[in-house]
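Spelled out from the first residue to the last, the chains are:
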Amino acid sequence: MSIWTPQPAGLQEILQTIRDSTDTQGNVQRAITHKLNTFTRVPDYIAYLAYILTALPQEEDQIRTIAGYLLKNNARLLLNVSPEVAEYAKSAVLQAFVSSPPLIRNAAGHDIVAFLGALEPRNWPDCLQQLVNMLDSPDPALQEAAFSVFEKACEDFPRKMDVEINGTRPLDYMIPKFLVLSEHPMPKMRSHAVACLSYFVPINSQSLFAHIDAFIACLFKRASDEDPSVRRHVCQALVLLLAARPEKLMPEMSNVAEYMLYSTKDKNESVALEACEFWLTFAEDPDLAAFLHPLLGRVAPVLLDCMIYGEDDLLWLDGDTEDTNVPDKETDIKPRHYGSKTHGLDRDQAEGNGQERKRGAYGEETLDDEDEDDYDLDDDDFADEMSTEWNLRKCAAAALDVLAVRFGSELLNVLLGPLKNKLWSAEWLERESGILALGAMAEGCIDAIEPHLTTLVPYLINTLNDPKPLVRSIACWTLGRYASWCTQPISEQHKNSYFVPTMEGLLRMVLDDNKRVQEAGCSAFATLEEDAGPELVPYLEPVLRNLVFAFEKYQHKNTLILYDAVGTLADAVGRALQNSAYVEILMPPLTSRWAKLSDNDDDLIPLLECIASVTIAMGPAFSPYALPVFQRCVNIIHQSLLQYQAYQQNPDLDEPDKSFLVVSLDLLSGLAQGMGMHLESLIGQTSPNLLQLLTVCLKHPQAPVRQSAYALVGDLAMGCFQLLRPHLPAIMAELIEQLDPEPKVEFISACNNAAWSVGEVALRYGRDDLEFQQWVNPLIARLIPILLHPKAPRSLHENAAVSIGRIGLMHPNVVAPHLPEFAQAWCLALYEIRDNEEKDSAFRGLCTLVQTNPAGIAKSLLWFCNAIIRWHQPSAELNSMFQQLLSGFKHHDEAGWAAQVSSFPPVIQERLATRYGV
């Protein structure tokens, strides 16, 4: 094979571009980034980078290191280059790794990891062999560097390492090698050895588990290692073993628990954090609860002590300043990921499994198993309470939250004494950690804590006066965790003693002079708004005045959180916001900000999101502001579609951000819901025509755009159907295509909204409309398989069922023959849904189908009756249909009916008799 050599001109161009990249000016950086991106189309670009890294010792180390960094980021190009280029790049990085100064060796090490990840070790076995040989090198620096590469590779892609190559498994000789090296005199080597071994636990590597006893013995031996990095990896390995193979630890659990309790108190925070992860993992596994229960009395107080701020945290936070007038650094502002709206139905908790949504450590919802397997504990809102990184304090709070869910009142009994001591301590750091613990336990221990809340809530409200901003901010968060108790409409006394003081206290914190407290107050107040709902209506004027004053006071970051609080308030109080006095208070600051932002300013996204909620709540009262909002949204949609069209024609361009397009569609949905037919004049005045743009959005390659577009179709159908109707032939063709029984994960929400909007359109066309009738069979042919598909998400089943019912209500003769196919699945999809108009119209449709084809329900009668008795307050029309059908079944064949009903569960028999006399 010929050996690759660089062309001097090409080499100089790339070298000069890399040199220019060290210029820190933003406009220069953007130009350089674009130029470097164009180099990726040069067939041997990675060989040039490897050459600069390896063969140009006369160049500055910084330039060679940047070449190495670019090589790592472009490692996937290896898969598409000529054999000569690939061989050169591979041999060059290995050469640089073996014989270069530390900075270059480090860059080459990262390249080797990236190359192994792209090629997979099976396609570069020489590299593995050379790295293993380096572990025995007489050069300690090369030894350690090689092991560092192994650690990164084992961490990043353990499954790719656990393969057979040419009839042998490299891990079969690497694992014993790592076990031996865990005894190495150099601490870094011991640390790498334990780390590499541990990364094969989660993938159940047979090469590791063949030596499991030796591995566990190694961990116990290294448990008392003098080096904190080794101890950290021992703790990490025990955590991974507990998660993957707990049975291996159970015989030694008393010793392991003692060690982990001891390590959770380690002076080295990285060791303590890994040990604390052990208790979090232990608590999350319900099968291990019996083993954890006896340890509760010792574990919980240790976790409580871990929740005190460390010195490093306090230095990082700099939390004592009154910094409301200090502008934010751009680095303080996290990128937001805007999620487009999805149509879903509320389930009735009263008679379901009784379970509320699971909550994570900081109050965020975690998904049911069918939605997501991971238990996500990292809550962005609360992450800002302490630092940007996961740390001991947060891990301990998360573990305490899960322990509270697992053991409830038993945990409170254990912690009552220590918690009281902390809450009433004279030391502010102790008090602060106690308030954090109280909030972390809110979800799981609420029944046990509730009798104490008459004391604790006033304590927390009083703590909002604490001179320390960190105490005030954590008090806000914990009050937010108990907001649902404060807002319960129990009595006037409860409202005046707890709800009103909490509301007033949090509003004061919204206007605090410390930015961290403002943020915590604003977030907690948004939680209170959600829980209080209409209870806030009598206090709307002072609430709005406070929030509007915050607009004048806030810096950049907190303004974005304030938008969310205003939008949540609008969602909570609904049409109460129509009052002209409230409109005059709220709209000027929103329109002022609206006018200052350009169409491509990222801050426009949360503002549009906020205004979408406000438009729905204000309804026609929003009319004076509607035209400029409408025109701007249409313009953003138009420009976004043009940008995407240009990107499709020239992939060298950056892909446009879809968020502006999505949020503009969602705001138009809000206008359609709030203003209905008042939109007619706006659509007529605006060019290009919204409905023509909407048809294009329905074909957009990105699912979130289609998702919001289908939501807008449904909202336009509800609010201004006559404007939508001329465009429906084109829209329905796209809509039918979107209905998929087993959509890809990223398409589920778009499919959901399409399924929902179909039903809204069907209702608006009316009974037996000939234009809509052409689509009934194609729609039913798509919706029934969705309803029957065992893997379709529950929300999709529900929306499909509602639309089948609504289409059936309007076109019973076409749909009724299909009733036997879907009747049981239909009833199962909707019996738990909370009473509402959507469910009512869907059930009227089902009843109409049963009237049209009574035999169609025969095999699903039990499910039909169960769905009927699950209603709490059906409309008079629907209740009459239920009565008519049930009486008809009984009178048609009294003996047969009696026999069938006698086989029903007693609760169904009892309610059928009580409510309908059958």
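Structure: see above.
The rules behind each value
Here the residue numbers are simple positions, counted from 1 along each chain's written sequence. Reporting in this predicted model follows two pLDDT cut-offs: at least 70 for local features of residues, and 80 or more for side-chain atom pairs to be given and counted; totals over whole chains, interfaces and linings ignore these cut-offs and use all residues. Side-chain measures here rest on the full set of heavy atoms in the structure, leaving out hydrogens and waters. Think of it in three bands: with a 1.4 Å probe and only protein chains considered, a residue is buried below 20% of the maximum accessible area for its type, exposed above 50%, and partly exposed in between. Helix and strand labels come from DSSP, where a helix needs a run of H or I of at least four residues and a strand needs a run of E of at least two; each type is numbered from the N terminus. To obtain the arc, one takes the directions from the helix axis to the C-beta atoms. For this analysis, residues touch if any pair of their heavy atoms sits within 4.5 Å. The salt bridge definition used is simple: a Lys or Arg side-chain nitrogen within 4 Å of an Asp or Glu carboxyl oxygen. Here, nonpolar core refers to any group of buried Ala, Val, Leu, Ile, Met, Phe, Trp, Tyr and Cys residues whose side-chain atoms link them within 4.5 Å. A pair of Phe, Tyr and Trp rings is counted when the ring centres sit within 6.5 Å of each other, with Trp represented by its six-membered ring. The angle between the planes then sorts it: under 30 degrees is stacked, over 60 is edge-to-face, the rest tilted. Charge over a ring is defined by NZ of Lys or CZ of Arg lying within 6 Å of the ring centre and within 35 degrees of the ring normal. Axes here mean lines fitted to C-alpha atoms, for a helix over just the part in contact, with angles spanning 0 to 180 degrees between N-to-C directions. Throughout, the term roughly parallel applies to angles under 35 degrees, roughly antiparallel to angles over 145, roughly perpendicular to angles from 65 to 115, and oblique to all others.

A.B. asks: Can you help me understand helix H40 (residues 728-738) in this one?
C.D. replies: Along an α-helix, residues three or four positions apart point the same way, because every turn accommodates 3.6 residues. Every buried residue of H40 is accounted for by Leu728, Ile731, Met732, Leu735, Ile736 and Gln738. Along the axis of H40, the buried positions cluster into a sector of 150 degrees, meaning they face one direction only. Buried residues along H40 sit against helix H38 (690-697), helix H39 (703-724), helix H41 (748-765) and helix H42 (770-788).

A.B. asks: Quick question: what am I supposed to make of unusual backbone geometry here?
C.D. replies: Of all residues except glycine, most have a negative phi; of all peptide bonds, most are trans. In this chain, Ser687 is followed by Pro688 through a cis amide linkage whose omega measures -5 degrees. Note that Pro688 resides in the loop between helix H37 (679-685) and H38. Backbone geometry places Asn166, a non-glycine residue, at a positive phi of 50 degrees. Residue placement: Asn166 occurs in the loop between helix H9 (158-161) and helix H10 (170-181). Here Asp768, not a glycine, exhibits a phi torsion of approximately 55 degrees, which is positive. With respect to the helices, strands and loops of the structure, Asp768 is situated in the loop between H41 and H42.

A.B. asks: Would you mind going over the pattern of salt bridges with me for this structure?
C.D. replies: Opposite charge on two side chains lets them pair, provided their charged atoms get close. Scanning all chains against the criterion turns up 36 salt bridges. A salt bridge links Arg231 to Asp266; its shortest N-O distance comes to 3.2 Å. With Arg231 in helix H14 (residues 228-244) and Asp266 in the loop between helix H16 (253-264) and helix H17 (269-284), this residue pair connects regions lying 35 residues apart in the sequence. Taking the shortest distance from any N to any O, the salt bridge between Glu519 and Lys557 comes out at 3.5 Å.

A.B. asks: Would you mind going over the side chain of Lys839 with me for this structure?
C.D. replies: Locating Lys839 in the fold gives a position in helix H46 (residues 837-852). The exposure class assigned to Lys839 is buried, which follows from its relative accessible area of 1%.

A.B. asks: Which parts of the structure should I look at to understand the environment of Leu56?
C.D. replies: Inspection of the secondary structure puts Leu56 in the loop between helix H3 (45-55) and helix H4 (61-73). Judged by its relative accessible area of 6%, Leu56 is buried. Contact partners of Leu56, with chain neighbours within four places excluded, come to Leu15, Tyr51 and Arg64.

A.B. asks: I tried to follow the nonpolar core on my own but got confused; where do I start?
C.D. replies: One broad trend across soluble globular proteins is that nonpolar side chains are buried collectively. Phe150, Trp279, Trp826 and Phe864 are the most contacted members of the largest nonpolar core, which has 333 residues in total. Look past the residues within four positions of Trp279 in its chain and what remains in contact with it is Ala257, Met260, Leu261, Thr264, Leu292, Leu295, Val299, Leu303 and Ala399.

A.B. asks: Looking at this structure, how should I read the packing of aromatic side chains?
C.D. replies: Summed over the entire model, instances satisfying the criterion amount to 25 aromatic pairs. Judged by centre distance (5.0 Å) and plane angle (45 degrees), the rings of Trp4 and Tyr88 are tilted. Here the residue Trp4 occupies a position in the segment before helix H1 (8-20), and Tyr88 occupies one in helix H5 (residues 83-98), the gap between them amounting to 84 residues. Each member of the aromatic cluster is reached from another via a ring pair, and the members are Trp826, Phe843, Trp871, Phe882 and Tyr916. Looking at Arg245, its charged tip hangs above the ring of Phe209, at a distance of 4.4 Å from the centre.

A.B. asks: Where do I start with the packing of H4 against helix H6 (residues 102-119) in this structure?
C.D. replies: Helix packing geometry: the angle between the two helix axes and the distance between the axes. Taken N-terminus to C-terminus, the directions of H4 and H6 make an angle of 10 degrees; their axes are 9 Å apart at the nearest point. Taken as axis vectors, H4 and H6 run roughly parallel relative to one another. On the side of H4, the interface is formed by Asp61, Arg64, Thr65, Gly68, Leu71 and Lys72, while H6 contributes Leu103, Ile104, Ala107, His110, Asp111, Ala114 and Phe115.

Everything listed is a geometric property; what it means functionally is a separate question.
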